[in-house]
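Here's the letter readout for the chains.
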Amino acid sequence: VTLVRVHPSLGSFLIQLEPQRAPLTVANFLEYVRSGHYEGTIFHRVVGNFVIQGGGFDQEFKEKPTRDPVPNESGNGLSNARGTVGLARTGAPHSGTAQFYVNLVDNPALDPQPSRWGYAVFGRVIEGMSVVDQIGAVATGDVGPFEGEAPLKTIVIERMELL
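Cut-offs used in this document
- The numbering scheme is per chain: residues are counted from 1 as the chain's sequence reads.
- Given that the model is predicted, a residue must reach a pLDDT of at least 70 before its local features are reported, and side-chain atom pairs must reach 80 or more before they are shown or counted; all residues, however, enter totals for whole chains, interfaces and linings.
- Working from all heavy atoms in the structure, the side-chain values ignore hydrogens and water.
- Note on pairing: two strands pair once DSSP finds at least 2 bridges between them.
- Numbering of helices and strands runs from the N terminus, with a helix taken as a DSSP run of H or I at least four residues long and a strand as a DSSP run of E at least two residues long.
- Think of each axis as a best-fit line through the C-alpha atoms, taken over the contacting stretch in the case of a helix, with angles from 0 to 180 degrees between the N-to-C directions.
- Contacts were defined at the residue level, with two residues in contact if any of their heavy atoms lie within 4.5 Å.
- In the analysis that follows, any N or O atom pair within 3.5 Å is treated as a polar contact, provided that within protein one partner can donate a hydrogen and the other can accept it, and provided that, for residues neighboring in sequence, both atoms belong to side chains.
- The set of buried Ala, Val, Leu, Ile, Met, Phe, Trp, Tyr and Cys residues whose side-chain atoms join them within 4.5 Å is what this entry labels a nonpolar core.
- The classification of residues rests on relative accessible area computed with a 1.4 Å probe and restricted to protein chains. Under 20% of the type maximum is buried, over 50% is exposed, and intermediate values are partly exposed.

1. Regarding the sheet that holds strand E3 (residues 41-47)
Phase 1: If you trace the 8 strands once around the closed barrel, you get E1-E2-E7-E5-E6-E4-E3-E10, paired in antiparallel fashion. Looking at each pair of strands side by side, their axes are set apart by 35° on average, direction ignored.
Phase 2: As paired strands, E3 and strand E10 (residues 156-162) are joined by 2 bridges and run antiparallel to one another. Bridging across to E10, Thr 41 finds its partner in Ile 157.
Phase 3: Of the strands in this sheet, strand E1 (3-8), strand E2 (13-17), strand E5 (84-87), strand E6 (100-103), strand E7 (121-127) and E10 are in contact with helix H1 (residues 23-35), which crosses E10 at around 110°.

2. Overview of unusual backbone geometry
Phase 1: Of note, Asn 49 is a non-glycine position whose phi angle comes to about 55°, a positive value.
Phase 2: As for its placement among the helices and strands, Asn 49 is situated in the loop between E3 and strand E4 (51-58).
Phase 3: Notably, Phe 61 is not glycine yet its phi reads approximately 65°, a positive angle.

3. Some words on the environment of Gln 99
Phase 1: Here Gln 99 shows up in the loop between E5 and E6.
Phase 2: Spatially, the C-alpha atom of Gln 99 lies 17 Å from that of Asp 111, the residues being 12 residues apart in sequence.
Phase 3: At 3.3 Å, the side chain of Gln 99 forms a polar contact with the side chain of His 44.

4. Observations regarding the nonpolar core
Phase 1: Ranked by size, the top nonpolar core spans 31 residues in total, and within it Phe 13, Phe 29, Tyr 38, Phe 100, Phe 122 and Met 160 carry the most contacts.
Phase 2: Tallying contributions element by element places H1 first for this core, with 5 residues.
Phase 3: Apart from residues lying up to four places away in sequence, Tyr 38 is in contact with Phe 29, Tyr 32, Val 33, Gly 55, Ala 98, Phe 100, Ile 157 and Met 160.
Phase 4: Counting 6 residues, the second largest nonpolar core, distinct from the first, contains Ile 42, Val 143, Phe 146 and Ala 150.

5. Thoughts on the side chain of Arg 89
Phase 1: Here Arg 89 lies in the loop between E5 and E6.
Phase 2: One polar contact links the side chain of Arg 89 to the main-chain carbonyl oxygen of Trp 117, over a distance of 3.4 Å.
Phase 3: Separated by 2.9 Å, the side chain of Arg 89 and the backbone oxygen of Gly 118 make a polar contact.
Phase 4: Here Arg 89 is in contact with Asn 72, Ser 95, Gly 96, Trp 117, Gly 118 and Tyr 119, once residues within four sequence places are set aside.

Dropping the structure here:
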């Protein structure tokens, strides 16, 4: 069992990774965890009753450099259910790098369809979902370059540890 504890400024939560279902995505995430990439990054996108997203920007809202994107593993049978962790990406299917999100509710619209790629789930929160919900309930607005969906009070990921 592969576990990563996330320490945002509001507490901590524990993610159980799914290397059997999303091997490339998990390996990619663990590289970022081990290198310390996530330390000092923020949850820059919080959408109530949808997702919290982070891991890509520092506290000055500068995007951190990333490695090459990973192939999209959204067809792995894991659904974007409440508490699952997925790899964020742009509209391009194979563009996911370091940013991740946690589903605050069941989001089947993020799952793949026969006609399009989905968003790859690679883990789930098994402890501390109340902390995730707390982040998901913060006041948001226009902050730095982010319009409407950024926490008004910065939520920093202080560190992540592989257990």
